[in-house]
Amino acid sequence: MQIKGTGLYRVLMASAAVAAITVAQSAYAQDAATGGATALERLTVEGGKGGKPAEGEATGPVDGYVAKATGTGSKTATPVSQIPQSVSVIGRKELDDRGVVTKIDEALRYTAGVSTEPFGSDPDTDWFYIRGFDATQTGVFLDGLNLFSFGFGGFQTDAYMMERVEVLKGPGSVLYGGSSPGGIVDLVRKRPQAEPAYSTEIGINNFGNAFFGFDANDKLNDDGTITYRVTGKIAGGDNYSDYSEDLRGFVMPQVTYAPDDATSLTVYAIVSAFDQTHVGNGFLPYEGTVTNAPFGKIDRDLFFGEPDHDFGRYDQQMLGYEFSHEFDNGWKVSQNLRYSHLDKAEELVYPYAYTPTYDLARLGFKHDTSVDSFSVDNRAEKEFSTGPLEHSLLLGLDYKNFKIDQTQASAFPATDLDPTDPVYGGGLPAYFTYLDGVTRLKQTGVYAQDQIRFGDGWLLTLNGRYDYVDIENRSRLATGSYATNDSALSGRAGLAYEFDNGITPYVSVATFFNPQIGTLSGSGGALEPEEGHQVEGGIKYEPTFIDGSLTASVYQIVKQNVTTTIAGPPPFQEQIGEVTSTGFELEGKVNLTQNWKMLASYTYNDLEVTEDGDPSVIGNRPYLIPEHEAAVWVEYLVTEGALEGVSLGGGLRYQGESFADMANTAKVPDALIADAAIRYEKNGWGAALNVTNLFDKEYVKGCQGLFTCGYGDQRTVTLKLSKAW
């Protein structure tokens with residue numbers, strides 16, 4: 001039994017995590033061509049070479065599908081083309097067009113280099129693998145501050161509260177400290193805007209899960225120096241599995257005080273909650289999903305738990321602020337700060353093997369988790385020249401303090417379940433507590449970045465960072481207590497040249513580290529941080545004749561001190577592994593005309609185990625992640641005639657073959673999935689019908705072993721009505 005709650009997140013219960021909570025969306029940014037809706041002004045990055053966008057251009061609404069500025073790859077507002085790594089930005093318009101209602105991992109289904117929902121649909125956990133490496137626990141950020149998680153202590157947000165979702169591919173340690181080597185996902189929330197805007201929406205899907213959201217933005221005083229925004233949502237109903245249901249909601253109030261162009265302070269809070277009966281997915285056998293069992297295939301709607309022993313609840317609160325001020329001498333100082341608290345508890349029963357008669361053998365699991373997390377990031381930046389060199393200098397100091405108090409217990413064995421004729425009501429034996437304690441991680445980092453321009457087109461990016469990490473685990477059981485501290489240096493160097501025709505070739509090298517929480521087998525000591533490096537090269541192209549962006553990149557990542565699992569309970573870990581990820585990514589987004597928008601992506605990812613305690617798997621490909629993935633989405637808006645305001649959208653998602661086991665003896669077949677949408681917007685009113693998995697293709701999304709497989713998304717039809725004014 002491998003449990004995420006001991007740091008072995010890679011084998012977390014895909015069907016039993018916690019709370020997809022929060023809720024809301026903003027229809028106020030509708031295209032003016034649809035008639036009458038409040039239209040946001042088009043944001044344009046001025047200046048071309050050397051031009052530095054305003055902060056709002058890196059956090060505010062994206063024009064159509066094409067983002068020109070980002071803050072994720074440099075911690076300052078920077079044109080996407082000037083980041084020496086691949087960056088993807090999914091803006092509000094794209095989220096709405098594709099019908100992303102709640103989950104963040106659904107927002108990244110069309111993004112190059114990202115494998116989402118690897119265990120299939122899972123309402124209470126957002127799953128991200130970037131360039132082949134798990135980013136779910138250490139690679140998720142909200143407005144540049146880490147949403148670090150361990151065990152079941154994971155914070156979760158809702159797509160409705162987001163203005164954009166950004167992905168920095170490759171290591172981000174030089175800016176963010178310990179994080180996933182494959183990349184990070186930065187969630188950029190909606191912020192108060194200068195112009196008043198109000199919107200509301202209501203919708204329901206074919207499973208009977210409904211939602212209501214609202215978004216209100218306005219001034220609080222006559223001169224507009226104080227603005228507010230309140231975003232909220234409530235949703236609930238049945239899910240795709242028998243017996244499964246949920247209820248969730250959130251509210252996010254914000255106030256911004258900007259007395260002049262040089263000073264801004266935004267204070268915000270997020271309060272959210274979630275209650276569920278789990279879906280049945282993610283712990284299904286390879287035989288019976290990918291291949292036929294003697295009885296055929298397990299139904300996608302099967303609930304493999306026990307209705308009387310199944311619940312999940314989540315209560316989450318966040319309070320934070322963002323402050324910035326630019327002095328007359330050109331120095332700009334900024335500070336982001338957030339405190340977060342999470343209470344989470346759940347119980348469920350799930351299968352782990354077949355019996356000789358092909359019933360599902362099951363066990364019970366429950367946990368109770370409390371998390372307190374504090375993060376602060378202080379930055380100072382200035383632009384200046386030294387002879388022929390133009391500098392954009394960034395200096396920073398950040399700190400995070402993550403504390404988790406958790407218990408985990410199992411009940412073995414639970415009653416068996418016939419997958420073809422399930423009968424519920426069996427009892428559970430007494431629970432055995434195998435994890436009970438408090439873990440605290442503290443990390444302090446000092447960093448510097450210099451973006452240097454010279455020679456009429458050259459851009460040199462240099463980063464350096466030093467981190468100190470302190471981890472303490474106090475177990476209430478007889479074993480498991482330890483304390484450790486580590487320090488690490490990270491660096492990045494990137495070189496690019498901007499041609500006048502919009503082509504920017506670049507090359508970069510970066511090192512990374514990722515602290516690990518857990519216990520070594522044998523010695524019982526603490527784990528060493530995972531570490532390694534990446535080399536990346538590519539071309540970014542922003543055509544001068546059309547509004548678009550294209551990135552082609554090649555890379556190689558070497559991750560050392562890879563942690564492998566020894567079964568428990570309690571489970572232990574070993575660090576005798578190395579994995580190399582080599583790949584190619586191609587991604588393009590284009591606002592072709594006022595009528596046509598398009599995005600496309602392709603990913604080739606070659607994963608290889610280069611060191612391992614089991615010599616038989618050296619040279620093999622790790623399970624779960626496909627070698628090839630591709631996607632395309634096309635959107636057409638009618639702007640004239642009787643059908644003015646109607647838009648049609650359609651997309652294809654392709655996942656290639658993947659392995660189901662580390663021995664590479666079992667494969668998960670490839671799959672091609674179609675999505676579609678039709679909308680009508682006029683005078684601020686809107687109606688949208690989105691269908692994911694249009695032809696209801698039955699396919700397995702991935703397997704992490706021969707008894708940890710999950711079906712991909714079923715056909716989901718979502719109807720939404722909205723009003724903006």
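Caption draft 1: Local environment of the overall build of the protein. A count of helical and extended segments in the protein gives four helices and 36 strands. In terms of overall size, the protein behaves like a compact globule, its C-alpha atoms giving a radius of gyration of 25 Å where 725 residues would be expected to give roughly 27 Å. Judged by the C-alpha coordinates and their principal axes, the protein covers about 75 × 60 × 45 Å. Within the span of the protein, comprising 725 residues, buried residues form 61% of the whole. For the protein, the proportion of contacts with a sequence separation of at least 24, taken over those separated by at least 6, is 68%. Looking at the protein as shown, the accessible area adds up to about 25600 Å², and 57% of this sits on carbon and sulfur atoms. Charge centroids of the protein, computed over 55 positive and 96 negative side chains, lie 3 Å from each other.

Caption draft 2: Quick look at the state of the cysteines. According to the stated counting rule, one finds one disulfide in the structure shown. Here Cys703 is linked by a disulfide to Cys709, with a sulfur-sulfur distance of 2.1 Å. Taking the sign of the S-S torsion, 115 degrees for the link of Cys703 and Cys709, the bridge is right-handed.

Caption draft 3: Region of interest: the side chain of Glu381. Turning to its location among the elements, Glu381 is positioned in strand β18 (residues 360–386). It is Lys52 that comes nearest to the buried, bridge-free Glu381 among opposite-charge side chains, at 4.1 Å. Dropping the residues within four chain positions of it, Glu381 is found in contact with Lys52, Thr76, Gly330, Trp331, Lys332, Ser334, Leu393 and Leu394.

Caption draft 4: Focus on the sheet that holds strand β6 (residues 133–134). In spatial order, the strands read β4-β5-β6; together these three strands make up an open sheet with antiparallel pairing. Edge positions in the open sheet fall to β4 (114–116) and β6, since each of these has one partner strand only. As paired elements, β4 and strand β5 (residues 128–130) share three bridges and run antiparallel to each other. Across the sheet, the residue bridging to Thr116 is Phe128, located in β5.

Caption draft 5: Up close: the packing of aromatic side chains. Summed over the entire model, instances satisfying the criterion amount to 21 aromatic pairs. Where Tyr354 meets Tyr358, the ring centres are 4.7 Å apart and the plane angle is 50 degrees; that geometry is what we call tilted. Given a relative accessible area of 24%, Tyr358 falls into the partly exposed group. A ring pair is formed by Tyr354 and Phe707, whose centres lie 5.6 Å apart and whose planes are at 80 degrees; its orientation type is edge-to-face. Of this pair, Tyr354 sits in strand β17 (residues 332–354) while Phe707 is found in the loop between β34 (700–703) and β35 (709–711), placing the two residues 353 residues apart along the sequence. Aromatic rings pair up to connect Phe295, Tyr354, Tyr358 and Phe707 into one cluster. Taking the ring centre of Phe211 as reference, the NZ or CZ of Lys233 above it sits at 5.3 Å.

Caption draft 6: Structural context of unusual backbone geometry. Omega for the peptide link from Phe412 to Pro413 comes to -10 degrees, which places this bond in the cis form. Summarising the element assignment, Pro413 is placed in strand β19 (residues 389–417). Phi is positive for Asn693, close to 50 degrees, though the residue is something other than glycine. Mapped onto the fold, Asn693 is located in the loop between β33 (685–692) and β34.

Caption draft 7: Here's a closer look at the nonpolar core. Counting 43 residues, the largest nonpolar core has Leu108, Val165, Val185 and Leu187 as its most contacted members. Residues contacting Val185, with those up to four places away along its chain left out, are Leu108, Phe128, Ile130, Gly139, Val140, Phe141, Val165, Glu166 and Val167. In terms of nonpolar packing, the next biggest core, distinct from the first, is built from 25 residues, Phe152, Val290, Ala293 and Tyr350 among them.

Caption draft 8: Structural context of the sheet that holds strand β7 (residues 140–142). Judged by pairing direction, the sheet is mixed, and its five strands sit side by side in the order β3-β9-β10-β7-β8 without closing on themselves. Only two strands of the sheet have a single neighbouring strand rather than two, namely β3 (87–91) and β8 (145–146).

Caption draft 9: Seen up close, the pairing of strand β12 (residues 209–219). Sheet analysis places strand β11 (residues 197–205) next to β12, joined by eight bridges and oriented antiparallel. Within β12, the position partnered with Ala197 by the bridge is Asn217. Hairpin geometry of β11 and β12 is characterised by an intervening segment of three residues between the two adjacent antiparallel strands and by a positive phi of about 95 degrees at Gly208. In the sheet, β12 pairs with strand β13 (residues 226–238) via eleven bridges, with the strands oriented antiparallel. The residue of β13 that forms the bridge with Asn209 is Gly237. The antiparallel hairpin formed by β12 and β13 contains six residues in its connecting segment, where Gly224 sits at a positive phi of about 75 degrees.

Caption draft 10: Representation of the environment of Pro529 in the model. Checked against the element boundaries, Pro529 lands in the loop between β23 (503–514) and β24 (530–541). It is 8.0 Å that separates the C-alpha atoms of Pro529 and Asp486, two residues lying 43 residues apart in sequence. The residues touching Pro529, leaving out its near neighbours within four places in the chain, are Asp486, Phe513, Asn514, Pro515, Gln516 and Asn561.

Caption draft 11: Representation of the confidence of the model for the protein within the structure. Across the protein, pLDDT averages 91, with 91% of residues at or above 70. Here residues 1–48 scores under 50 on pLDDT; set against residues more than four positions off or in separate chains, the count is 224 contacts.

Caption draft 12: Examining the pattern of salt bridges more closely. Across all of its chains, the model carries 41 salt bridges by this definition. Salt-bridge contacts for Arg465 lead to Asp398; the nearest nitrogen and oxygen are separated by 2.7 Å. With Arg465 in strand β21 (residues 458–475) and Asp398 in strand β19, this pair connects stretches of sequence that are 67 residues apart. Arg653 is paired through a salt bridge with Asp675; the nearest N and O atoms lie 2.8 Å apart.

Caption draft 13: Just a negative patch on the surface, in detail. On the surface, Glu326, Asp328, Glu383 and Glu390 cluster together into a negatively charged patch. Note that Glu383 resides in strand β18.

Caption draft 14: Structural view of the environment of Gln137. Relative to the assigned elements, Gln137 resides in the loop between β6 and β7. Along the primary structure Gln137 and Phe155 are separated by 18 residues, whereas in three dimensions their C-alpha atoms are 9.2 Å apart.

Caption draft 15: Region of the structure containing the environment of Pro118. Tracing the backbone through its elements, the reader meets Pro118 in the loop between β4 and β5. Taking the C-alpha atoms as reference points, Pro118 and Pro626, 508 residues apart in sequence, are found 9.6 Å from one another. Beyond its immediate chain neighbours, meaning those up to four positions away, Pro118 contacts Trp127, Tyr129, Leu624, Lys701 and Gly702.

Caption draft 16: Just the side chain of Lys701, in detail. Tracing the sequence through the fold places Lys701 in strand β34. Within the local environment of Lys701, its side chain forms a polar contact with the side chain of Gln655, the two groups lying 3.2 Å apart. Excluding its chain neighbours within four sequence positions, the residues that come into contact with Lys701 are Thr116, Glu117, Pro118, Phe119, Gly120, Gln655, Gly710, Tyr711 and Gly712.

About the criteria used
Residues numbered from 1 in each chain as written. Predicted model: local features only at pLDDT ≥ 70, side-chain atom pairs only at ≥ 80, totals over all residues. Heavy atoms only, no water. Helix = DSSP H or I, 4+ residues; strand = E, 2+ residues; numbered from the N terminus. Rg over C-alpha atoms; globule rule 2.2 N^0.38 Å. Buried < 20%, exposed > 50% of the residue type's maximum accessible area, 1.4 Å probe, protein only. Contact = heavy atoms within 4.5 Å. Areas by Shrake-Rupley, 256 points an atom, 1.4 Å probe, with all protein chains shown as cover. Lys, Arg positive; Asp, Glu negative; His and termini not counted. Charge placed at Lys NZ, Arg CZ, Asp CG, Glu CD. Disulfide = S-S within 2.5 Å. Salt bridge = Lys/Arg side-chain N within 4 Å of Asp/Glu carboxyl O. Pairing = 2+ DSSP bridges. Phe/Tyr/Trp six-rings, centres within 6.5 Å; stacked < 30°, edge-to-face > 60°. Lys NZ or Arg CZ within 6 Å of the ring centre and 35° of its normal. Core = buried A, V, L, I, M, F, W, Y, C linked by side-chain atoms within 4.5 Å. pLDDT = per-residue confidence, 0-100. Patch = residues over 30% accessible without salt bridge, like charges linked within 9 Å, V, L, I, M, F, W, Y side chains within 5 Å. Polar contact = N/O pair within 3.5 Å; in protein donor to acceptor, adjacent residues only side chain to side chain.

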